[in-house]
Amino acid sequence: MKILLVEDDKRLRKLIHDILKKEGYQVIEAGDGSEALKLFYEERDLELILLDIMLPLFNGIEVLTQIRKYSEVPVIMLTALGSEQDEVKGLNTGANDYISKPFSYEVLVARVNAIMRKKIKENERVITEGNIQVNQLTYEVKVSEDVIDLNRKEYQLLIFLIMNKRSVLMRNQILDHVWGFDYNGDVRTIDTHIKTLRTKLKDSGQYIHTIRGVGYMFDSRATQER
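Keep in mind that what you see is a predicted model, and the values were worked out from it rather than measured.

Time to look at the packing of helix α2 (residues 33-42) against helix α3 (residues 60-70). The geometry of α2 relative to α3 is characterised by a closest axis approach of 10 Å and an angle of 15° between their N-to-C directions. One finds that α2 runs roughly parallel with respect to α3. When the axes of α2 and α3 are compared, the crossing they make is right-handed. Along its contact with α2, which presents G33, A36, L37, F40 and Y41, the element α3 presents V63, Q66, I67 and Y70. Partitioning the contact of α2 with α3 into residue classes produces seven nonpolar, two polar and no charged.

A few words on a nonpolar patch on the surface. A cluster of nonpolar side chains, contributed by V168, M170 and V214, occupies part of the molecular surface with about 230 Å² of accessible area. Assignment of secondary structure puts M170 in strand β10 (residues 169-170).

This part covers the packing of helix α6 (residues 152-163) against helix α7 (residues 171-179). It is the contact of α6 with α7, at a shortest axis distance of 10 Å, that shows an interaxial angle of 125°. Classified by the angle their axes make, α6 and α7 are oblique. Classified by chirality, the crossing of α7 by α6 is right-handed. Contacts from K153, Q156, L157 and F160 in α6 reach Q173, I174, H177, V178 and W179 in α7. For the contact of α6 with α7, the class distribution of residues is five nonpolar, three polar and one charged.

This part is about the sheet that holds strand β8 (residues 140-143). In spatial order, the strands read β6-β7-β8-β9; together these four strands make up an open sheet with antiparallel pairing. Pairing within the sheet leaves two strands with one partner each, and these edge strands are β6 (126-129) and β9 (146-148). Pairs of neighbouring strands in the sheet enclose a mean axial angle of 25°, with direction left out of account. Where β6 meets strand β7 (residues 132-135), four bridges bridge the pair, whose relative direction is antiparallel.

Read across the sheet, three strands follow the order β10-β12-β11 without closing on themselves; strand pairing throughout is antiparallel. In this open sheet, the two edge strands, each paired with only one partner strand, are β10 and β11 (208-211). Sheet topology places β10 next to strand β12 (residues 215-218); two bridges connect them, and they run antiparallel. Pairing of M170 across the sheet is with G215, part of β12. Sitting on the sheet, helix α8 (residues 189-200) is in contact with β11 and β12, with an inclination near 150° to β11.

Once that is clear, we can look at unusual backbone geometry. A negative phi angle characterises most non-glycine residues, just as the trans form characterises most peptide bonds. Look at the link from K101 to P102: it is a cis peptide, with omega at -10°. Tracing the sequence through the fold places P102 in the loop between β5 (97-101) and α5 (105-124). In this model, R166 sits at a positive phi of 65°, which is unusual for a non-glycine residue. Relative to the helices and strands, R166 resides in the loop between α6 and β10. Taking the relative accessible area as the measure of exposure, R166 reaches 35% and is therefore partly exposed. Of note in the backbone geometry, K202 takes a positive phi value of approximately 60° without being a glycine. Mapped onto the secondary structure, K202 falls in the loop between α8 and β11.

Reading the values: rules and limits
- Residues numbered from 1 in each chain as written.
- Predicted model: local features only at pLDDT ≥ 70, side-chain atom pairs only at ≥ 80, totals over all residues.
- Heavy atoms only, no water.
- Axes fitted to C-alpha atoms, helices over the stretch in contact; angles between N-to-C directions.
- Helix = DSSP H or I, 4+ residues; strand = E, 2+ residues; numbered from the N terminus.
- Parallel < 35°, antiparallel > 145°, perpendicular 65-115°, else oblique.
- Left-handed = near helix turned anticlockwise from the far one by under 90°.
- Contact = heavy atoms within 4.5 Å.
- Nonpolar A, V, L, I, M, F, W, Y, C, P; charged D, E, K, R; others polar.
- Patch = residues over 30% accessible without salt bridge, like charges linked within 9 Å, V, L, I, M, F, W, Y side chains within 5 Å.
- Areas by Shrake-Rupley, 256 points an atom, 1.4 Å probe, with all protein chains shown as cover.
- Salt bridge = Lys/Arg side-chain N within 4 Å of Asp/Glu carboxyl O.
- Pairing = 2+ DSSP bridges.
- Buried < 20%, exposed > 50% of the residue type's maximum accessible area, 1.4 Å probe, protein only.

Here it is in structure tokens:
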């Protein structure tokens, strides 16, 4: 897991780098605010940023403000002991946590590991199939990084299809699971919802295959209708 460490004190930066490396993390470094933003824009797989408040060129709050325009990557601010105002500014700007200097090996590792455990747990709740990404914690659905608007039934339908990917689902199965066993409407309502869902999913709507005379199947590996 990759961490961006932003600290202008070379000795402290090396110390933190060595600690994190010992814990098994990959660390990249920046010594000022400008370099921090450059690395943030270049490195698309950052899992955490350790960000000092007092930095040359751009301070930590300014760097965090720019980061939050584009990403929700976790950020731990490094602040001076007793600098309550900086801590409040950082948290209000979007920091996830802060560590006051000087700090111990144990405190640094504990704070970083806590953020990483939460990150791993959140990642486990994100489903990715082809160009479709579903966050089951926030109910957000993205297609090629664009957020799409699904109503409750469309969301439940998509989840049921994905969870049973590459399995043929009969209309009655879909109806019972998504609409409920007590639904008395027309089974063909599924076809209407599938059509709308395909349209909203754009090109990825092709992942939903029609199995003629039976029902539907979700498969992101192929796009031909069956």
